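Below are the chains, spelled out letter by letter.
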Amino acid sequence: MQKKLSTSLVASVLLATNLFSAQNLETITVTSATKSTQSIKDVTSNVEVITKEEIQERHFTGVSEALNTLAGVNIISNGGVGQSDSLFIRGIDSKRILILVDGVRYNEPAGLSGAPLAQMLIDDIEQIEVVKGAQSGIWGADASGGVVNIITSSAKKGFHGSGTVEMGSFNTKKYSTTVSNRTDLGYVKFNANRTDIRGFSAFEAKENSANYGKRGDELDYERDGYNNNTYSIQGGLNLTDNDEVNLSYKKINAKYDYDSSSADNRTNKSDLNHFFKSANYIHKAEKYDIKLNAQQSKFDRTQDTFTAQSLVNEFAIQSTINYMDNANLVLGANKQNFEHITDELKYQTEGLFVSNTNTFDKLVLSQALRYDNNTKFDEKVTGKIGAKYNFTEDLSTSANYGTAYNAPTLSNLSYTSTLKPETTKSFDLNAEYKDLRVTYFESKISDMIEYVSGSWPNTQYNNLDGEATLKGYEVAFKKDIIEDTFLNLNYTHLSAQNDNKEDLARRAKNQVGFGVDYYGISKFHFNINGQYIGDRYDGANKTGAQTGNYTVWNTVVNYEINKTFSTYLKVDNLFDKYYQTVNGYATAERSAYVGLKASF
């Protein structure tokens, strides 16, 4: 009975993460919506949270796979694990989405596709926060489509450790370990992860080829392997009861073979080294806190003979002031230096921002305003406003409007120096009743930056005329349907068109996510989940290959051996469905993995 009770509590946490069940909202806090820690019930923004409990029970391969379970979110990939992928939130792609790791920028200045999300392993993550819609009023540039903040686990009081081993298909071998110690004086935590996969060919025959539908092994294509070694160390010291300093360092080294979308290649290799450093000082008082922060993101990417090195240095000061019982104000300033070391390009941004939240009984109001001065572009003023009204404990509605801008990356500017920033306006309207949530969303992007088709090898980019409009609705439902059984459903309908009413490429019109969890047998947890993708075309205006109209099923079984050890079995693509998310690039066939975890 005690075990069944504990699993039901875990399931309740999972229910609260996506649907905000009223009885669980008090326990969930987020930081990405306003740059301050708030209960999710006091946030007007459309926020979804993937919790540590959900990550541990689903055993996602990486952050991309976890994000792909959310309403309005979709991932496409140039092959298997570790290959380049693209994140879409409500049809807005990854180069217009700000990715953070514990608040440190993960977007690559020398890249063309935003953050290298495929290299982010999911071990040692406390929660993933996804804030949808324009967020430049809080975070500045590159948050037109939203913000994804990946928050790593913090050290608990005392000495603790854990280790996980996983092996499976494609000669997959994964190892991870975490050791931490926290006392009244401070804490230290170390985490190490290694993933080694022989893999499968990233290239597969395109839709119009006679070999379409055949796997790489059948055609004697080379397997494209993947290796990732990620290390991190965090430490903190409590100077006084009100003052603390924190340091962190993270290194990601990833190597993988890759193919083009036109042929198998036996020599293409990529070697990535990413470094993330941060240091902060925090002073806490009864009614306010002050935080000083310095951080750096450095990227070193080699693909055959091509090398791209870049970095971002950021310095910030921020204060959260609780000026009334149900009101807080966040004031801040930051300076960001972006540098493309290889091409000797750089620019600098200085920003000021203010955010305010007020709670009046059943009504929550939020406002944010930000000013950015960039040495390359014109000054920008962005903001957002939001309101949420709780009619009853079970019924609420909210609305948000925001403006944003997306600066050309330094890599964009190395090809076309005359590019100007995009501007975005977004709106969403949400209604929640018990376990059901319905959302309407709309974003309009002006001066959209796109690759000039056919310009290679003299690659060029330009700002498109007119506005691109991305709109649609999301429906999400999550409920304990019978004792010990939990159902999770979400549906997204998307219309993504340019100014000429032509569909944008690689956006699915319809998308369904589903999952069922069963906790009724002592020490066991059973999960079956999957995703349906409707019409999706590889080219704009419904041209190119059809890469949609498929359903993929997966399953997971967890078993708790005792308080120290647990094991699991995971099967992906249960019915061995053949599909491609990008024309000419492979996806995994049916694959199975078994893991063992020890913790103390």
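Here is a short report on the structure shown in this document. Source: prediction; values computed, not measured. (Residues numbered from 1 in each chain as written. Predicted model: local features only at pLDDT ≥ 70, side-chain atom pairs only at ≥ 80, totals over all residues. Heavy atoms only, no water.)

Brief notes about the overall build of the chain
- Across its full length, the chain carries 5 helices and 34 strands.
- The C-alpha radius of gyration of the chain comes to 23 Å, within 12% of the 25 Å expected for a compact globule of 600 residues.
- When its C-alpha atoms are laid out on the principal axes, the chain stretches across 70 × 60 × 45 Å.
- Burial statistics for the chain: of 600 residues in total, 54% are counted as buried.
- Of the side-chain charges in the chain, 62 are positive and 72 negative, and the distance between the mean point of each set is 2 Å. (Helix = DSSP H or I, 4+ residues; strand = E, 2+ residues; numbered from the N terminus. Rg over C-alpha atoms; globule rule 2.2 N^0.38 Å. Buried < 20%, exposed > 50% of the residue type's maximum accessible area, 1.4 Å probe, protein only. Lys, Arg positive; Asp, Glu negative; His and termini not counted. Charge placed at Lys NZ, Arg CZ, Asp CG, Glu CD.)

Digging into the side chain of Glu-129
- Relative to the elements of secondary structure, Glu-129 occurs in strand S9 (residues 125-132).
- Look at Glu-129: it is buried, it has no salt bridge, and the nearest opposite charge is Lys-384 at 11 Å.
- At 3.1 Å, the side chain of Glu-129 forms a polar contact with the backbone nitrogen of Thr-31.
- A polar contact is formed between the side chain of Glu-129 and the side chain of Ser-32, at a distance of 2.5 Å. (Salt bridge = Lys/Arg side-chain N within 4 Å of Asp/Glu carboxyl O. Polar contact = N/O pair within 3.5 Å; in protein donor to acceptor, adjacent residues only side chain to side chain.)

Quick word on the sheet that holds strand S4 (residues 73-77)
- Taken in spatial order, the 3 strands make up an open sheet running S4-S5-S6, and their pairing is antiparallel. Every interior strand has two partners, whereas the edge strands, S4 and strand S6 (92-93), have only one.
- Judged from the 2 bridges that link them, strand S5 (residues 85-89) and S6 form a sheet pairing that is antiparallel. Note that in S6 the partner of Phe-88 across the bridge is Asp-93. (Pairing = 2+ DSSP bridges.)

Comments concerning the pairing of S9
- In terms of burial, S9 is a largely internal element, 7 of the 8 residues being buried.
- Here 5 bridges tie strand S3 (residues 47-51) to S9, and the two strands are oriented antiparallel to one another. Of the residues in S9, the one forming a bridge with Glu-48 is Val-130.
- In the sheet, S9 pairs with strand S10 (residues 146-152) via 7 bridges, with the strands oriented antiparallel. Its bridge partner lying in S10, Glu-129 is registered against Asn-149.

Some thoughts on the sheet that holds S3
- With mixed pairing, the 5 strands of this open sheet are ordered in space as S3-S9-S10-S7-S8. Sheet topology places S3 and strand S8 (104-105) at the edges, where each strand pairs with a single neighbour.
- Sheet analysis places strand S7 (residues 98-101) next to S10, joined by 4 bridges and oriented parallel. Directly across from Val-101, in S10, lies its bridge partner Ile-150.

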